[in-house]
Every structure is written in structure tokens, then in C-alpha cells.
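Remarks on the overall topology
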Amino acid sequence: MGSVSILLLMFCGFAFAALAIGLGNKLSLKRYNPEKGEAYECGMETQGTTWVQFHVGYYLFALVFLLFDVEIAFLYPWAVVFKEIGMVAFIEIVFFVLVLFLGLLYAHKKKALSWM
Amino acid sequence: MSASTIIFYIVSALVLVFGAMSVFTRKIFRAAIYLLFSLIGIAGIYILMNMDFIAALQVLIYVGGIIVLIIFSIFLTHQAGDKLPKPLFKRIVAGASMAAFGLIVVLGVFYKTAFKVTTEAGIDHSARSIGRQMLDYHHHGYVYPFEIVSFLLLAALVGCIVIAVKIQKK
């Protein structure tokens, strides 16, 4: 029964999205106006393309983010059982996070996280 | 054919189609986005196998982390939005033959293995069970590897900062 309802939900989801986009495309009036093609309706006009080259320093942000993303993966099963294990689990996770906090301090000291 | 089999075929078709599109598109940014959909499809297959935690990790680390890293590296290049040149015929042949070789090896292992049907209950792979084992400090617990992982992550963090700061200074 579970799989049948998932299948039904899948089809309904696809059909709903297809219907909304398809009907909207069919029924709407299409009057071209260059103003409509702009990214913002107010404020500064945009300049140049969106395909700019990033400063290489931002790659560090991505790398540091990925490292702490992996850390979160370990926090999740810990959070599920934290209540039943109690104090021991708390000490274990404090040690775990403290070691990674050293890494964050190192990144801060090396100015890896400063704005370019 | 049961409903879960149909779901499996739909999800694996999505994974394969998006994987192929990611390989064959000539716009590199789109390749990253197709890869993202392909990885989400793999998370769907994990959910079909009742591996909720692994599926969550797949979305968290691969979809949320690795793809972000790939997109960042694409934006580091000059030509993120340009169409890539047509691949050389030599490279197409080399890539196709490597892929075929991989397929033959996998199929060979797959058909040679005598899969045993068992009625035993599988191991408990819920997040609760994983968490209990991870924090257990008794004889069969994994608390020591768990704490070592934090040092591994710290070493990776320090290593990538050292390398990146060196590159920036050049």
C-alpha cells in the first residue's frame, strides 16, 4: 500500500507541475516588452553578464563549508540518541566539536574567511 | 509488477538519463546541474531500500556539499557560461572504451557472484542504531573512530587552507 501511494504522489506531483506550467503557458497573454526581460523591476540596472569569474579566495569558503557539512552528518545520529545516553554523549560531542573548532580558529587566524 | 518496482524503474531511469545528459551536454554549468539531479535520484533509490539515514547523508553531503564545490570550481574558470568545444573523436573512442570496460567488469562480477537468498533479518541501519554504536564506549563501540574522525576533518581543513593560502599568495 505504501509504494502505491508514493507512486500516486509521484504522478500527481509531475501532473500538477506539468499542468500548472502548461496551462499557464497556453492561457496567458503574451505581449512582449523589453522592460519585462529585466532582472529587477526597480533599483540599479544590471550590467554585464552573470557569468563572472569568482575570486579564487571564495573557493576556500566552499571547502570549509564542505568540511563542516561532513561534521553535521555526524551530529545527526548523535542528536537522535543524545537523550537516552546522556552525559557521556555530551562529553563525546563536546570533544568532537572542540577539535573542529580549533580548525575554525586556524582558518580565522590565516584570514581564510575574510572578505575578498 | 508491484508499485515499488515501478518506482524503482522510474527513479533509476531518472538517474541514468540525467547522468547521460551530464556527460553529453557541452555546457559545463548544465552538466553540474544534471549531476545534481542524478545524485538526488540515487538518494531516492536509497529511500526505496529503506536506508533513510544514508539517503539523508547523500542529499546533505553530495547534493548539498560536493555539487556546491563543483559549481564553485566552475565559476573559478573564465568560461563558465560558454559552450565547450566539440570533443575530439580520439577522446570519444577512448572514453567509450573505458566505459565499456567498466561495464564488462561490473557485469562479470555481478553474474559470477552466487547471491544467496536469506530469511535472516538485516542489520539495523536506522539513525538511532548508528548513533548508539557510534557513541558506545564499550567493547564493540565505535567512539574511538568517531573521535578520530574529528582529527581527520581537522587535518583536511588545515591542509586545504595551507594549500589555498599558498596559491593565493602567488
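Residues numbered from 1 in each chain as written. Chains lettered and ligands numbered in written order. Predicted model: local features only at pLDDT ≥ 70, side-chain atom pairs only at ≥ 80, totals over all residues. Heavy atoms only, no water.

Where the model shows low pLDDT, its predicted coordinates should not be examined in detail. Residues and elements named next belong to chain B. Here chain B averages 87 in pLDDT, and 98% of its residues register 70 or above. Ranking the elements of chain B by mean pLDDT puts helix α5 (residues 127–135) last with 85 and helix α4 (residues 89–112) first with 93. Quick note on the complex model: pTM equals 0.80, ipTM equals 0.77. (pLDDT = per-residue confidence, 0-100. Helix = DSSP H or I, 4+ residues; strand = E, 2+ residues; numbered from the N terminus.)

According to the domain assignment, chain B contains domain 1 (1–84) and domain 2 (116–170). Here domain 1 of chain B and domain 2 of chain B have C-alpha centroids that lie 23 Å from each other. (Domains from an automatic or database assignment.)

Here is a general trend for soluble globular proteins: nonpolar side chains tend to be buried in one another's company. Core analysis: the biggest nonpolar cluster contains 21 residues, and A:Trp78, A:Phe96, B:Leu135, B:Phe146, B:Leu157 and B:Ile161 have the highest contact counts within it. Counting residues per element, the ones that place at least two in this core are α2 (58–85) and α3 (87–109) of chain A together with α5 and α6 (143–169) of chain B. Per-element accounting of this core gives the leading share, seven residues, to α6(B). When residues no more than four places from it in sequence are discounted, the contact partners of B:Ile161 are A:Leu60, A:Tyr106, A:Ala107, A:Lys110 and A:Ala112. Residues B:Ala32, B:Ile67, B:Ile71 and B:Ile74 belong to the second largest nonpolar core, which totals eight residues. (Core = buried A, V, L, I, M, F, W, Y, C linked by side-chain atoms within 4.5 Å. Buried < 20%, exposed > 50% of the residue type's maximum accessible area, 1.4 Å probe, protein only. Contact = heavy atoms within 4.5 Å.)

Overall, the coordinates contain two salt bridges over all chains when judged by the stated rule. Between B:Arg128 and A:Glu84 there is a salt bridge, with the nearest N and O atoms lying 2.7 Å from each other. Remark: A:Glu84 occurs in helix α2 and B:Arg128 occurs in helix α5; the pair is interchain, linking two chains. On the accessibility criterion, B:Arg128 (37% relative accessible area) is partly exposed. Since its relative accessible area comes to 41%, A:Glu84 is described here as partly exposed. Between A:Glu84 and B:Arg132 there is a salt bridge, and its shortest N-O distance comes to 2.7 Å. Of this pair, A:Glu84 sits in helix α2 while B:Arg132 sits in helix α5, which puts the two residues in different chains. Among the residues examined, B:Arg132 registers a relative accessible area of 39% and is labelled partly exposed. A single network of salt bridges, built from pairs that share partners, joins A:Glu84, B:Arg128 and B:Arg132. (Salt bridge = Lys/Arg side-chain N within 4 Å of Asp/Glu carboxyl O.)

Considering all chains together, one arrives at 13 aromatic pairs over all chains under this definition. Considering the side-chain rings of B:Phe110 and B:Tyr111, the 5.7 Å spacing of their centres and the 85° angle between planes classify their relative orientation as edge-to-face. For B:Phe110, a relative accessible area of 48% translates into the label partly exposed. Ring-pair connections join several aromatic residues into one group, and the members of that group are A:Phe74, A:Phe96 and B:Phe146. (Phe/Tyr/Trp six-rings, centres within 6.5 Å; stacked < 30°, edge-to-face > 60°.)

Next up on the list: α3(A). Residues and elements named next belong to chain A. With 23 residues, α3 extends 32 Å from end C-alpha to end C-alpha; this agrees with the ideal 33 Å at 1.5 Å per step. For α3, every residue scored as buried is listed here: Ala-89, Glu-92, Ile-93, Phe-96, Val-99, Leu-100, Gly-103 and Ala-107. Lys-111 sits one or two residues past α3 and shows a positive phi near 60°. (Expected span 1.5 Å × (residues − 1).)

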